[in-house]
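What follows is the residue order along each chain.
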Amino acid sequence: MEPGAQAGIEAASPKAGSERWKKWLRRIYSQRYLQVMALLGVAWMVVFNYIPMYGIIIAFKEYDIIFPMSMAPWVGLDNFREFLSDDMLLTVIKNTLGISLIKLIIGFPLPILFALLLNEVRSVMFKRWTQTITYLPHFLSWVILGGILATWLSDVGIINKILLSLNVIDAPITYLAEPKYFWSIIIVSDIWKELGWSAIIYLAAISSVSPELYEAATIDGAGRLQKMRNITLPSIMGTITILFILAVGNVLNSNFDQILVLRNQLNAEASTVIDYYVYQTGLIDNRFSYSTAVNLIKSVIALFLLLMANFVTKKLNNNSLF
Amino acid sequence: MFSLKRQTPGEVAFGILNGLLMLIICFLTLYPIWYVLVNAFNDGADAMRGGIYWIPREFSLENFRAVFRSEGIMTAMGVTVAKTLVGVPVHVLFTAMVAYAVSRRELIGRNLYMIIGTITMFFGGGLIPYYLLIRDLGLLDNFLVYIIPAAFSFFDLIIFLSFFREIPAGLEEAARIDGANDLTIFTRVIIPVSMPVVATIALFHGVYQWNDYFTGMIYINNTDLQPIQTFLYRVVAQSSSNQMLGAMPSGVTQTVTSQSLKLATMVVTTAPIVCVYPFLQKYFVKGFMVGSLKG
C-alpha cells in the first residue's frame, strides 16, 4: 500500500473518496458491538480519570466550595509558591522519602531472596504450605492489621511484656505514641504483610526457567548456591528490573491505607507523608486548591522518576517498561 | 527433581537451615493472627488480665454472640457483603468486556483506546479533583459510590487482554458462522473459557471491596451505609471505644469488653476471605504471572 498513490487517486476522483468513506462506515457498522463495548470503557475513563485530570486546574485558582469551579479567580502559581515556603515541606519530604527509600532498600530485595530460598525447598508439600501461609497476611486489611498492631504495641501489649521480662526496658513504652518508632513499625509491618505475596511473581518467573539449564550445570559440577547465583538469578533479572522501575516510580506514593491507620497526633512528626498532607489540607482543612497543587507537584515528580528509572535501566541492561 | 544424588555436607546443612528458616517465617506469619484468635475466643473480662498466648484460658463464645447480636456491626457487615456481591460481577464483566473489544485486532481506534488507558496508569487528577467529581455525580452518601467508580481498572484490563490473546481464534469463528454477534461471543464463548483469569480478577477485586475502608470513610456520612472496615477503622485508628460500646447489644453478659468485642469483630470480618483464597491460589498465581510479565 502506498499512501502517496492513494491520496493522489482520492484527489483525482471525489467518487473514489466517498467510496472509501462508505467502506469505512460499513466496517464500523460491522463491528458496532465491539465499538460500543470499547467505547463504554473509554467513556468510563473519560469520566473517572480524565475529568479529575481536568480538575487539576483548580490548583491554579483559589477555589471555594460555594461557587462553581469556573467562577473561581485565577491565582497563577501562588499555591505552589505557598507549598515551597510551607513549614511542613521539609517534614513531608523527609518522611515520604525516608520511609519509601528504606522500603526500597530492605523491602524490595527481601521477596527476591525469599523466593530464591523457597525455590530451594525440596518437598513440594512443604513449599506449597509455606506459600499459602505467607500469602495470608496480604488478605488482611490494614484496618485489621492496625488493630493487631495496636494490641501488640500498647503499653500492656505482648511486645512490652517480652521486653520487660528480658530486662531490655525498665518501663513499658507506648510505641505508636512515639515518633522515633514510627518508621520501623511501618517498615516491619509492611514486610510482614507483603513478603510472601510479593514473592509470587518471582516464583512464577523462576518456574519458567528451563530445567535443562540446571541439568547442564549439575553435569558441570555446579553446586546449589552456584546454580542459584548463575542460573536462577540471571533468569529473573528482567522481572526484577521491571518491578524496580515501578518501585522507583512509586517512591512518592506512601501506602496511604497503612499510614492512615497507624498515624496519630502523637507520632505526626514522623508520620505525615505527602499523601497524608494532601488528604489533611484537602479534606480536613478544606483547602481544595492548595491540596491539589501539592498533589500535582507530587505526580509530576513521580512521573519524572519513573521515566528516569526506565531510561537508566534501559541503558544498563536493556530492560525497560517502554 | 534433577540428578542430585550426591550432596556435599555443606549442601545438606544448607537444606536443613533453609527449611528451618521457612518454618520460622511461617511461625512469625501465623502467630500474630493466632494471638488475636485465642483472645477473641477467651472470656473478655478474663482476657483483660493478659497472659493468653497459646490457647484460650477461659474458652467462651460470648464475644461472637455479642458481635452477631449487635445491630451496628451487622448493618456494616451487610453493607460489606452487598458491595462485594454487587461490585465483583460488575467489575469483572465490565473490565473483561472492554478488554475483549480491544483484544480484537480489527477494532478501529484500538491503538487510540490503548493510549487513553495507558496514560491513566501513570497520571491522575488526585484526591481533591476526584472528590469533587464524586460529589458532582451525586455519589456522596450513595451506595453506588462503591460500585460505579470501581467498575473498571485498566490494570486488570491488561491482565484480561494477555489471557484473551491466547484463546484460539477457531473458537470464535465457529460461533460467528452460527450467526452470533460479538456480544454473544463474549458472553457465551470468551467468558466460559476464561475462568482462570476471571477467578483471579474476581479474587483481587473481591479483596479490594471487602477490605477498602477509605471510600466509606470519605464519601459516606450515613452510618447505615458504612462498611465493616470503615466501622472498624473508626474504632481502631481513632481508638474510640465509644463506638464499640455503642455497638454493644443490650443484655450481653458483663464479661464482654470493648476490646474482646473488637477482636471478635476482626475475626468475623477476616474469616470469609481467609477461607476463600487458598482455593483460588492456583488461579491467581497463574494470573499474576501472565499479567505482570507482559504488562
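Residues numbered from 1 in each chain as written. Chains lettered and ligands numbered in written order. Predicted model: local features only at pLDDT ≥ 70, side-chain atom pairs only at ≥ 80, totals over all residues. Heavy atoms only, no water.

- Looking at an unreviewed UniProt entry, one finds chain A named Xylose ABC transporter, permease component, with Paenibacillus pasadenensis as its source organism.
- Chain A has a UniProt comment under Subcellular location (unreviewed entry) that states "Cell membrane".
- In its Sequence similarities (unreviewed entry) section, UniProt records this for chain A: "Belongs to the binding-protein-dependent transport system permease family." (UniProt positions renumbered as here; feature names shortened; annotations may be inferred.)

### Side note on the environment of T230(B)
Residue and element names in this part refer to chain B.
Then step 1. Along the chain, the position of T230 falls in helix α12 (residues 228-236).
Then step 2. It is 8.3 Å that separates the C-alpha atoms of T230 and T215, two residues lying 15 residues apart in sequence.
Then step 3. Sequence-distant contacts of T230, that is, excluding residues within four places in its chain, are made with Y213, G216 and M217.
Then step 4. One polar contact links the side chain of T230 to the main-chain carbonyl oxygen of Y213, over a distance of 3.0 Å. (Helix = DSSP H or I, 4+ residues; strand = E, 2+ residues; numbered from the N terminus. Contact = heavy atoms within 4.5 Å. Polar contact = N/O pair within 3.5 Å; in protein donor to acceptor, adjacent residues only side chain to side chain.)

### Description of the pattern of salt bridges
Then step 1. Per the stated rule, a full pass over the model turns up 15 salt bridges over all chains.
Then step 2. Among the ionic pairs, E82(A) bridges to R287(A), the shortest N-O distance being 2.7 Å. Of the two residues, E82(A) is situated in helix α4 (residues 78-84) and R287(A) in the loop between α16 (274-284) and α17 (288-317); the sequence distance between them amounts to 205 residues.
Then step 3. Accessibility expressed as a relative area gives 37% for E82(A), which makes it partly exposed.
Then step 4. Under the relative-accessibility criterion, R287(A) is labelled partly exposed at 30%.
Then step 5. For R104(B), the salt bridge goes to E172(B), with nearest N and O atoms at 3.8 Å. (Salt bridge = Lys/Arg side-chain N within 4 Å of Asp/Glu carboxyl O. Buried < 20%, exposed > 50% of the residue type's maximum accessible area, 1.4 Å probe, protein only.)

### A look at the interface of chain B and chain A
Then step 1. Counting residues at the interface gives 94 residues for chain B and 92 residues for chain A.
Then step 2. Taken over both partners, the interface formed by chain B and chain A buries close to 8300 Å², and the fraction arising from carbon and sulfur atoms is 77%.
Then step 3. Linking chain B with chain A are 17 residue pairs in polar contact (both at pLDDT 80 or more), by the criterion used here.
Then step 4. Looking at the side of chain B that touches chain A element by element, the count peaks at 18 residues for helix α1 (residues 9-40) of chain B.
Then step 5. Residues that form the side of chain B that touches chain A fall into these classes: 68 nonpolar, 21 polar and 5 charged. (Buried area = accessible area lost by both parts, 1.4 Å probe. Nonpolar A, V, L, I, M, F, W, Y, C, P; charged D, E, K, R; others polar.)

### Some points on the nonpolar core
The nonpolar side chains of a soluble globular protein tend to be buried with one another.
Then step 1. In this structure, F139(A), L260(A), Y279(A), L157(B), F160(B) and F284(B) are the most contacted members of the largest nonpolar core, which totals 136 residues.
Then step 2. Considering every element that reaches this core, the biggest residue donor is helix α4 (residues 71-103) of chain B, with 14 residues.
Then step 3. Formed by 29 residues, the second largest nonpolar core is a distinct cluster that contains L117(A), A199(A), M228(A) and F14(B). (Core = buried A, V, L, I, M, F, W, Y, C linked by side-chain atoms within 4.5 Å.)

### Section: the UniProt feature "domain: ABC transmembrane type-1" (unreviewed entry) in chain A
Then step 1. According to UniProt, the "domain: ABC transmembrane type-1" (unreviewed entry) feature falls on residues 93-309 of chain A.
Then step 2. Regarding residues 93-309 of chain A, the helix share stands at 76% and the strand share at 0%, and the terminal C-alpha atoms are separated by 20 Å.

### Re the packing of helix α6 (residues 109-119) of chain A against α1(B)
Then step 1. Running from N to C, α6(A) and α1(B) cross one another at 125°; their axes reach a closest spacing of 10 Å. Here α6(A) lies oblique to α1(B), going by the angle between them. Relative to α1(B), the crossing made by α6(A) is left-handed. Touching F114(A), L117(A) and L118(A) of α6(A) are F14(B), N18(B), L21(B), M22(B) and I25(B), all from α1(B).
Then step 2. For the contact of α6(A) with α1(B), the residue count by class is 7 nonpolar, 1 polar and no charged. (Axes fitted to C-alpha atoms, helices over the stretch in contact; angles between N-to-C directions. Parallel < 35°, antiparallel > 145°, perpendicular 65-115°, else oblique. Left-handed = near helix turned anticlockwise from the far one by under 90°.)

### Section: the side chain of E172(B)
Then step 1. Within the secondary structure, E172(B) sits in helix α8 (residues 169-177).
Then step 2. Excluding residues that lie within four positions of it along the chain, E172(B) makes contacts with Y100(B), R104(B), I185(B) and I190(B).

### Topic: empty space enclosed by the protein
Then step 1. For the structure on display, the rule yields 1 cavity of 30 Å³ or more.
Then step 2. A volume near 50 Å³ is recorded for the largest cavity.
Then step 3. Together, A38(A), V42(A), M45(A), V98(B), V102(B), Y113(B), M114(B), F154(B) and L157(B) line the largest cavity.
Then step 4. At the level of secondary structure, the elements contributing two or more residues to the lining of the largest cavity comprise α3 (32-55) of chain A together with α4, α5 (110-122) and α7 (154-164) of chain B.
Then step 5. At 3 residues, the largest contribution of residues to the lining of the largest cavity is made by α3(A).
Then step 6. Across the lining of the largest cavity, the residue classes tally to 9 nonpolar, no polar and no charged. (1 Å grid on protein atoms, 1.4 Å probe; cavity = no way out; pocket = protein on both sides within 12 Å on 5 of 7 lines; lining within 4 Å. Points joined across faces, edges and corners; volume = space filled by probe spheres on them.)

### Notes on the packing of aromatic side chains
Then step 1. Scanning the entire structure with this criterion turns up 37 aromatic pairs over all chains.
Then step 2. A cation sits over an aromatic face here: R287(A) above Y290(A), 4.1 Å from the ring centre. (Phe/Tyr/Trp six-rings, centres within 6.5 Å; stacked < 30°, edge-to-face > 60°. Lys NZ or Arg CZ within 6 Å of the ring centre and 35° of its normal.)

### Notes on a positive patch on the surface
Then step 1. Together, K22(A), K23(A), R26(A) and R27(A) make up a positively charged patch on the protein surface.
Then step 2. One can find R27(A) in helix α2 (residues 14-30). (Patch = residues over 30% accessible without salt bridge, like charges linked within 9 Å, V, L, I, M, F, W, Y side chains within 5 Å. Areas by Shrake-Rupley, 256 points an atom, 1.4 Å probe, with all protein chains shown as cover. Lys, Arg positive; Asp, Glu negative; His and termini not counted. Charge placed at Lys NZ, Arg CZ, Asp CG, Glu CD.)

### Regarding the side chain of S254(A)
Residue and element names in this part refer to chain A.
Then step 1. For S254, the location among the structural elements is in the loop between α13 (237-249) and α14 (256-262).
Then step 2. When its relative accessible area of 12% is taken as the criterion, S254 is described as buried.
Then step 3. Beyond its immediate sequence surroundings of up to four residues, S254 is in contact with T96, I259, V273 and D275.

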